[in-house]
Amino acid sequence: MNILGIGGYSHDSAAALVCDGQLVAAVAEERLTRVKHQGGVPRKAVQFCLDTAGITRDEVDHICCYMRPGRRLMSRIPYRLGKMFRAPSYSAGYIGYEILHNARYIAEMRSLRGKKTRLHFMEHHPAHAASSFLVSPFSSAALLSIDYVGEWASTWAGLGADSTITREWSANYPNSLGVLYTAITDYLGFARASDEYKVMGLASYGEPEFAQDFRWIVRRGLLGQYHIDMSWLQCHYLPGSRRGYMSHKFIKRFGPPRKRDEPIEARHRNIAASLQTVLEETVLYTAESVHNATGQSRLCLAGGVALNCSMNGRLLREGPFEEIFVQPAAGDDGIAIGAAFQKYYALAGKPREFEMQHAYWGPEFSNNAIKHFLDLAKLPYESPANVVERTADLLAEGKIVGWYQGRMEFGPRALGSRSILADPTRADMKDLINKYVKHREEFRPFAPSCLEERATEYFEGCTKSPFMLFVYRVKPEMRERVPAITHVDGTARVQTVNKVSNPRFYAVIEAFEKRRGVPMVLNTSFNVMGEPIVHTPADAVRCFYSTGMDALVMGDHVLLKN
Ligand SMILES: [Fe+2]
């Protein structure tokens, strides 16, 4: 049985293919079209999945999409009608947009069908939860999905047992931690619905001076639910793009919003810290309640908010769950996997047999294809006898190395396939990469990729974190040894690297340790600010020559700059 999952449509579209209960391929459309957060129907991603499995569209039995359009319309239109008296033109425009958007969504998803394909529109949050639980190592777990909004729900709690998912409760828009986080992201002068991780990074530099104010904005309800006081926001009835997300009341209390090119002041840092603190407190409260209701010691977390790795780290440290699983594509892209597996188990009635142990489900280019490209482009390169040792040498010399190997990662993190690597023991490395390669905000930290067995030597309580979605405290005595990956608050967003999942990356880190004495490298995504992670060898070479990277290791071939 071949099931194609479609994640996202409004933004971050992706496709995944599950054949007889095994994940075969998954990729976000943005990587193939080179447009960040690409929405719409993911035609290129679908074609890649079919090509990987060697099947045609006619051999696809089911297509499972990330949202139910009927439910979305039936909940959103009455809400907008209720806002008519406050903002008549915006509300009317919104209703028109919703009708057209959903009609186009249905038509475009239909256009993907083959001769025998059946099309299914899945409920958003259960599919989010499925994207985590059904590929997790747990046979049963509590489930929590938190995002901006699905059809209408913004938070969804449930229970996963074997291959089934059941709902405990859900909370609806505009009571949404995702809405609040996006609204503050917009207020702080970053791009809404894509720069939330910058606010998370900025939070570490501030003090939660306004936490009590934010506790008034986010009030705790019964059974782990929460209530957002919408008098502080206006994006639920006015176009946020033109008038800002926060209401006059918020601006009176916290000052004017920051414009994109204005300097970041202590006030901005403290607002970010306060928001992050209250987000973590609220999710801890919700998790406690879900734990009590389900009696589970394990949690599967999903939804865009589950990409907040500071929150995840605190939930693991202070929360009631012994283990937490987050799938690498926790946002809407990852629903491609959840929707497909949810339908597969519902139809096949088989026990679970797939576990996602790595994120390498995307396209790859063979050594020959890379060599062919380099020869055609007349680029100088070397092909050392041992590319692992050569890479470790370059890293130990302090070089910034592009690392392009194997299948591309699914999800927003670079996990050792499309990465930029460097020496984490050099205190100046963070500034060097920011200056010469990434050109990004100085407050954003760089992450370590550490040998799995050695992670506990450096990071408190870190035994396994293959998807870089949890923040851990760097042990105080180790912080000076790895200054480039230790954030200002003494934490690090760790990826643990497993010998089985990525043997070549593991070998490079092992070889690097022999030279520099630490079992980890600095790892940041192979792209420049504003662009998706590189896809083809040509993308990688273009990025290499347009930035200050020193070396590029593609397959067995090494390009160097003088
Ligand atoms: Fe979502």
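Structure shown above.
Residues numbered from 1 in each chain as written. Predicted model: local features only at pLDDT ≥ 70, side-chain atom pairs only at ≥ 80, totals over all residues. Heavy atoms only, no water.

Visitor: I tried to follow the packing of helix α7 (residues 196-203) against helix α11 (residues 266-294) on my own but got confused; where do I start?
Guide: Between two packed helices, what matters for the description is the angle formed by their axes and the separation of those axes. The contact between α7 and α11 brings their axes to 8 Å, and the two run at 100 degrees. Judged by the angle between their axes, α7 and α11 are roughly perpendicular. Here α7 contributes Val199, Met200, Leu202 and Ala203 to the contact with α11, which in turn contributes His268, Arg269, Ala272, Ala273, Leu275 and Gln276. (Axes fitted to C-alpha atoms, helices over the stretch in contact; angles between N-to-C directions. Helix = DSSP H or I, 4+ residues; strand = E, 2+ residues; numbered from the N terminus. Parallel < 35°, antiparallel > 145°, perpendicular 65-115°, else oblique. Contact = heavy atoms within 4.5 Å.)

Visitor: Can you walk me through the sheet that holds strand β2 (residues 14-19) in this structure?
Guide: By definition, the strands of a sheet pair up through backbone hydrogen bonds, in either a parallel or an antiparallel sense. The strand order across the open sheet formed by five strands is β3-β2-β1-β4-β5, and the pairing between neighbours is mixed. Two strands in the sheet have a free side with no partner beyond their single neighbour: β3 (22-28) and β5 (118-121). Within this sheet the neighbouring strands show an average axis-to-axis angle of 15 degrees, counted without direction. Where strand β4 (residues 62-65) and β5 come together, four bridges link them in parallel fashion. The partner of histidine 62 across the bridge, within β5, is arginine 118. Sheet contacts for helix α2 (residues 43-53): β1 (2-7), β2 and β3; angle to β3, the most-contacted strand, approximately 150 degrees. (Pairing = 2+ DSSP bridges.)

Visitor: So what exactly am I meant to see when it comes to the coordination of the iron ion here?
Guide: Each pair of donors in an ideal four-coordinate tetrahedral metal site encloses 109.5 degrees, whereas pairs in an ideal six-coordinate octahedral site enclose 90 or 180 degrees. Looking at the iron ion, the protein donor atoms are His124 (NE2), His128 (NE2), Asp147 (OD) and Asp332 (OD), and they sit 2.1 to 2.3 Å from it. Between the four donor atoms coordinating the iron ion, the angles at the centre fall across 87 to 167 degrees, so the site counts as irregular. In the primary sequence, the donor residues of the iron ion line up as H-x3-H-x18-D-x184-D. Of this pair, histidine 128 sits in helix α5 (residues 124-133) while aspartate 147 sits in the loop between β6 (140-146) and β7 (153-161), placing them 19 residues apart in sequence. For the pair histidine 128 and aspartate 147, one class covers both residues: buried. (Donors = N, O, S within 2.8 Å, 3.2 Å for Na, K, Ca; no water. Tetrahedral: all angles 85-135°; square planar, octahedral: opposite > 155°, others 65-115°. Buried < 20%, exposed > 50% of the residue type's maximum accessible area, 1.4 Å probe, protein only.)

Visitor: Whenever I open this one, the side chain of histidine 268 confuses me. Can you help?
Guide: Within the secondary structure, histidine 268 is located in helix α11. With a relative accessible area of 2%, histidine 268 lands in the buried category. Discounting chain neighbours no more than four positions away, the residues touching histidine 268 are Leu188, Leu202, Arg258 and Pro263.

Visitor: When you look at unusual backbone geometry in this model, what are you seeing that I'm missing?
Guide: Between tyrosine 173 and the following residue, proline 174, the backbone shows a cis peptide bond with an omega angle of 0 degrees. With respect to the element layout, proline 174 can be found in the loop between β8 (164-172) and α6 (177-187). Backbone geometry places aspartate 12, a non-glycine residue, at a positive phi of 50 degrees. Secondary-structure assignment places aspartate 12 in the loop between β1 and β2. Of note in the backbone geometry, arginine 34 takes a positive phi value of approximately 70 degrees without being a glycine. Looking at the element boundaries, arginine 34 is found in the loop between α1 (29-33) and α2.

Visitor: Sorry if this is basic, but what is going on with the environment of leucine 284 here?
Guide: Relative to the elements of secondary structure, leucine 284 occurs in helix α11. Given the relative accessible area of 13%, leucine 284 is considered buried. Linking leucine 284 and asparagine 312, residues 28 residues apart in sequence, is a C-alpha distance of 9.6 Å. With residues up to four places along the chain from it excluded, the contact list for leucine 284 reads Arg314, Leu315, Glu318 and Gly319.

Visitor: Even after reading the chapter, I still don't get α11, so can you show me in this structure?
Guide: For an α-helix, the turn length of 3.6 residues means that residues three or four places apart are oriented alike. For α11, spanning 29 residues, the distance from its first C-alpha to its last is 41 Å, which sits close to the expected 42 Å at 1.5 Å a residue. Among the 29 residues in α11, 21 count as buried, and that is most of the element. Just downstream of α11 lies glycine 295, where phi reads positive at about 70 degrees. (Expected span 1.5 Å × (residues − 1).)

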